[in-house]
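Coordinate inspection notes
Below are the chains, spelled out letter by letter.
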Amino acid sequence: MPSFIMSLSASLLFALKIALATLLAWPLLTWLGVEQPVWAVVTIAAVSDPKLTATADLVRDRVSNTLIGCVVALLTVWTVGAHLGSLAAALAVSVVLARTIDHYPGSWRLTPITVAILLGSGIGLPASAALNLAGLRAAEIIVGSLLALGLAWAFSWRPHRRWRNWRLARQG
């Protein structure tokens, strides 16, 4: 029973961390002018982990993949515009780029996913609107990543760990 309670406690704290990050990200980005900051929330869920080091690794991978995907998508929109052909070409370029960089993060698939999100959202829009939308989506992803990392760090300082360690030391 104690292991079940410990597991439940850890799960509840993890769920609280994701909920708090969402409650911070949505109003902040809405205040900054993002109408529906869904990608910040998606990112919070994607990069959060009960362990701080795992969250840090996921955030590093998410941000690096996002930045490379942003560069590919923005250069594509800027040079040829956002349409189905440019989306297909940019996806191909992003896959080749992500797969050929030495020591590239294992989550390389996020690079073409980022291209699809950013460039796909702009299909049918004028280039300036597509660039603006791509920038907003990238900002959402970065804000979500940083909030998840910040809360992972804050939650790693939980005082109840000292109590649990003290209790276990007395039992052992």
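Residues numbered from 1 in each chain as written. Predicted model: local features only at pLDDT ≥ 70, side-chain atom pairs only at ≥ 80, totals over all residues. Heavy atoms only, no water.

**Some thoughts on the nonpolar core**
- Of all hydrophobic cores here, the largest spans 14 residues; its most connected members are Val77, Ala82, Ala90, Val115, Leu118 and Leu119.
- Mapped by element, the contributors of at least two residues to this core are helix H3 (52–80), helix H4 (84–100), helix H5 (110–121) and helix H6 (127–155).
- Those residues in contact with Ala90, other than ones at most four positions away along the chain, are Val72, Thr76, Val115 and Leu119.
- One finds Ala21, Ala25, Val34 and Phe155 within the second-largest nonpolar core, a separate group that totals nine residues. (Core = buried A, V, L, I, M, F, W, Y, C linked by side-chain atoms within 4.5 Å. Buried < 20%, exposed > 50% of the residue type's maximum accessible area, 1.4 Å probe, protein only. Helix = DSSP H or I, 4+ residues; strand = E, 2+ residues; numbered from the N terminus. Contact = heavy atoms within 4.5 Å.)

**Re the pattern of salt bridges**
- Per the counting criterion, the structure on display carries three salt bridges.
- Here Asp57 ties to Arg60 by a salt bridge, and the two come within 3.4 Å at their closest N and O atoms. Taken together, the residues span about one helical turn, with Asp57 and Arg60 both in helix H3 at a distance of three residues.
- In this structure, the salt-bridge partner of Glu140 is Arg137, at a minimum N-O distance of 2.9 Å. Residue Glu140 and its partner Arg137 are both found in helix H6; the two are separated by three residues, about one turn of the helix. Assigned by exposure class, Glu140 and Arg137 land together as buried. (Salt bridge = Lys/Arg side-chain N within 4 Å of Asp/Glu carboxyl O.)

**Quick look at a nonpolar patch on the surface**
- Taken together, Phe4, Ile5, Leu8 and Leu12 make up a surface patch of nonpolar side chains, about 410 Å² in accessible area.
- Among the structural elements, Leu8 can be located in helix H1 (residues 2–31).
- A relative accessible area of 40% means that Leu8 is categorised as partly exposed. (Patch = residues over 30% accessible without salt bridge, like charges linked within 9 Å, V, L, I, M, F, W, Y side chains within 5 Å. Areas by Shrake-Rupley, 256 points an atom, 1.4 Å probe, with all protein chains shown as cover.)

**Digging into the packing of H5 against H6**
- H6 packs onto H5 with a crossing angle of 145° between their chain directions and a minimal axis gap of 8 Å. Considering only the axes of H5 and H6, their crossing is right-handed. Contacts from Ile117, Leu118 and Ser121 of H5 reach H6 at Leu133, Ala134, Arg137 and Ala138.
- Split into classes, the residues belonging to the contact of H5 with H6 amount to five nonpolar, one polar and one charged. (Axes fitted to C-alpha atoms, helices over the stretch in contact; angles between N-to-C directions. Left-handed = near helix turned anticlockwise from the far one by under 90°. Nonpolar A, V, L, I, M, F, W, Y, C, P; charged D, E, K, R; others polar.)

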